[in-house]
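In case you want the letters, here they are:
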Amino acid sequence: MIEVKNIEKSFGGIKILKGVSTVFETGKTNLIIGQSGSGKTVMLKSLLGIHTPESGTISFDGRIYSELAPDEKRDLRTEIGMVFQGSALFDSMTVAENVGFPLKMFTKDNNSKIQERVDFVLKRVNLTDAHKKLPSEISGGMQKRVAIARAIVNNPKYLFCDEPNSGLDPNTAILIDNLIKEITEEYNITTVINTHDMNSVMEIGEKILFLKDGLKAWEGTKEEIFRTDNEAVVAFVYSSNLFKKVREAYLKE
Amino acid sequence: MMLIRYITQIGRYFLMLKEIFNKQTKWSVMRNLIFKEIDDLIIGSLGIVAFISFFVGGVVAIQTALNLTNPLIPKYLIGFATRQSVILEFAPTFISVIMAGKMGSFITSSIGTMRVTEQIDALEVMGVNSLNYLVFPKIIALLLYPFVIGISMFLGVLGGWMAGVYGGFTSSDEFINGAQLDFIPFHIVYAFLKTLIFAMLLATIPSFHGYYMKGGALEVGRASTVSFVWTSVTIITFNYILTQLLLGS
Ligand SMILES: Nc1ncnc2c1ncn2[C@@H]1O[C@H](COP(=O)(O)OP(=O)(O)OP(=O)(O)O)[C@@H](O)[C@H]1O
Ligand SMILES: [Mg+2]
């Protein structure tokens, strides 16, 4: 469980997060949704300690991040898996080396054991023939899947995904969503996902935090999101419906 | 305002140096990183260093010869002047300034690219000390930098000898006599001491500019240029101070 209390973060005097509080539950897929520029990535990076919030606290199962010693912070981070919006694969390493990297750094496993685990997670993300390729030699969607494999390879307790399925075709997108949900339940992970994809919300939105202009505008489950009369939420969901209808019309032509 | 910014930057630079040595990366991983840096930074520079040293050494000899118009000045001065200028300044200082361009922009752009594509964040999120992971192997690899300069010194003098002898400016014996004249062992100590200090500047200043850069691909290019300017300015400044301290008085 990750408890966020009143975090604020600004860049160059402009407040991006204006005091957000919430709880991300263990074993569930927690979604942060909101328009582009609403502060989702900043929120996620603040949770990870990449950005340091000016105020507020973040506690990982009782461990308050800002009060930990540097070494304790690093230890906590080895329990975290992160999928960056742009994948952030190490471009000097092959796919297999990327995925095996956290194991090589933080476990005592020998090479054959690492190899085995890498094969296993790459199979889980449906990538079986890219082991020896460099990130520059595979497609964006494949890079995303490698990034997911790398994030889950060391059995994280906390999994953060910044738009894990943006830029993927609908099939793969659903596959990735379901994969993350399955892993979350199977290993009882606290998973936080950024998205502006309504499909994902409907598939895996067990708990949804709606950000607008750096504030928590709404919070609830996927069942609730279609019934709420919160104006901001309705506007957000409707805009995506509109998009769907435009697409339907386009396909009929 | 400018001054405050420079002082802040220098402070940050020293904090970075401290952080590099904080939490060490596993040796089995670090070993491979060091070999890779030796390959990229040291082996990869030998060709250009050899080429420049040989020909500049030759030019120094020719220039000296051409300026010795007075028949009373002995010819062995050609060898002597070549040796002095190559060993004391050309190899340690000017090769280092060239390396600030070659190695330095390579270091800044590779670390800077990792910064803008969030690879450094990815390392940090995993719990890796990214400064140790990225910069420490470069520092260790550059402990071999004095060998590069040693090669440069040798080839510079050799180039001078070839140009002098085959250009018909001096005889081989005269040149070698000159090259051995008034040899002061401390000059070698001085040359390699400053080489080692330049090596540390070459490893850390470009890393600093890459690591703390902000922005995108365009800024990576700009950071490389800024990094070259600062690395070479620092090398030249340190050269002056060290020369004053070690040879002056
Ligand atoms: N490092 C930074 N420095 C300055 N401003 C930033 C930085 N990171 C984000 N911002 C600003 O914070 C705001 C929110 O950005 P953020 O990346 O969190 O949006 P987002 O909700 O993730 O959008 P998207 O869905 O497009 O990814 C933007 O206005 C952005 O300009
Ligand atoms: Mg984002």
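Fair warning: this is a prediction, and the values are worked out from it, not measured in the lab.

Caption draft 1: Structural view of the UniProt feature "transmembrane region" (unreviewed entry) in chain B. All names here are of chain B. The residues that UniProt annotates with the feature "transmembrane region" (unreviewed entry) are residues 41-66, 86-107, 139-163, 183-205 and 226-247. Along residues 183-205, the helical share is 91% and the strand share 0%, with 34 Å between the first and last C-alpha atoms. This span, residues 226-247, is 95% helix and 0% strand, and a straight line between its end C-alpha atoms measures 31 Å.

Caption draft 2: Seen up close, the site of ligand 1. All names here are of chain A. Near ligand 1, the surroundings consist of 13 residues, among which Ser 36, Gly 37, Lys 40, Thr 41 and Gln 85 are the closest. Measuring from an oxygen atom of ligand 1, one finds a side-chain N or O atom of Ser 36 at 2.5 Å. Gln 85 has a polar side-chain atom sitting 2.9 Å from an oxygen atom of ligand 1. The protein chains hide 61% of the 630 Å² of surface that ligand 1 would expose on its own. Examining the composition of the shell around ligand 1, we find that 3 residues originate from one element, helix H1 (residues 40-48), more than from any other. In terms of residue class, the shell around ligand 1 is made up of 3 nonpolar, 8 polar and 2 charged.

Caption draft 3: Highlighting helix H2 (residues 70-77) of chain A. All buried positions along H2 of chain A are accounted for by Arg 74, Leu 76 and Arg 77 of chain A. Buried positions in H2 of chain A, seen along its axis, are confined to an arc of 160 degrees and lie on one side of it.

Caption draft 4: How the structure looks around the interface of chain B and chain A. In this complex, chain B contributes 19 residues to the contact, which on the side of chain A involves 23 residues. Contact between chain B and chain A buries roughly 1900 Å² in total, counting both sides, with carbon and sulfur atoms accounting for 60%. Considering only the surface of chain B that becomes buried against chain A, Glu 118, Val 125 and Met 126 of chain B emerge as the three largest contributors, covering 34% of it. Run the count over chain B and chain A and you get 3 salt bridges. In this structure, Arg 77 of chain A engages Glu 124 of chain B in a salt bridge whose closest nitrogen and oxygen atoms are separated by 3.3 Å. Put simply, chain B and chain A have 6 residue pairs in polar contact (both at pLDDT 80 or more) between them.

Caption draft 5: Just the packing of aromatic side chains, in detail. Residue and element names in this part refer to chain A. If you walk through the whole model with that rule in mind, you get 13 aromatic pairs over all chains. Taken together, a centroid distance of 5.1 Å and an interplanar angle of 80 degrees make the contact between Phe 60 and Tyr 158 edge-to-face. Of this pair, Phe 60 sits in strand S4 (residues 55-60) while Tyr 158 sits in strand S7 (residues 158-162); the two residues are 98 residues apart in sequence, bridging distant segments of the chain. Classification of Phe 60 by relative accessible area gives buried; the value is 0%.

Caption draft 6: Expanded view of the packing of helix H2 (residues 27-67) of chain B against helix H3 (residues 77-116) of chain B. All names here are of chain B. For the pair H2 and H3, interaxial distance at closest approach is 9 Å and the crossing angle is 145 degrees. Along this stretch, H2 crosses H3, giving a crossing that reads as right-handed. Here the contact of H2 with H3 is composed, by residue class, of 19 nonpolar, 7 polar and 2 charged.

Caption draft 7: The arrangement of the UniProt feature "domain: ABC transporter" (unreviewed entry) in chain A in detail. The positions that UniProt labels "domain: ABC transporter" (unreviewed entry) are, in the present scheme, residues 2-238 of chain A. Measuring from the first to the last C-alpha atom of residues 2-238 of chain A gives 30 Å, for a span that is 39% helix and 26% strand.

Caption draft 8: Just the confidence of the model for chain B, in detail. Residue and element names in this part refer to chain B. For chain B, the average pLDDT comes to 94, and 100% of its residues sit at 70 or higher. For chain B, the element scoring lowest by mean pLDDT is helix H7 (residues 172-180), at 91; helix H5 (residues 130-141) scores highest, at 97. Scoring of the predicted complex yields 0.89 for pTM and 0.88 for ipTM.

What counts, and at which threshold
Residues numbered from 1 in each chain as written. Chains lettered and ligands numbered in written order. Predicted model: local features only at pLDDT ≥ 70, side-chain atom pairs only at ≥ 80, totals over all residues. Heavy atoms only, no water. UniProt positions renumbered as here; feature names shortened; annotations may be inferred. Helix = DSSP H or I, 4+ residues; strand = E, 2+ residues; numbered from the N terminus. Near = heavy atom within 4 Å. Polar contact = N/O pair within 3.5 Å; in protein donor to acceptor, adjacent residues only side chain to side chain. Areas by Shrake-Rupley, 256 points an atom, 1.4 Å probe, with all protein chains shown as cover. Nonpolar A, V, L, I, M, F, W, Y, C, P; charged D, E, K, R; others polar. Buried < 20%, exposed > 50% of the residue type's maximum accessible area, 1.4 Å probe, protein only. Arc of directions from axis to C-beta. Contact = heavy atoms within 4.5 Å. Buried area = accessible area lost by both parts, 1.4 Å probe. Salt bridge = Lys/Arg side-chain N within 4 Å of Asp/Glu carboxyl O. Phe/Tyr/Trp six-rings, centres within 6.5 Å; stacked < 30°, edge-to-face > 60°. Axes fitted to C-alpha atoms, helices over the stretch in contact; angles between N-to-C directions. Left-handed = near helix turned anticlockwise from the far one by under 90°. pLDDT = per-residue confidence, 0-100.

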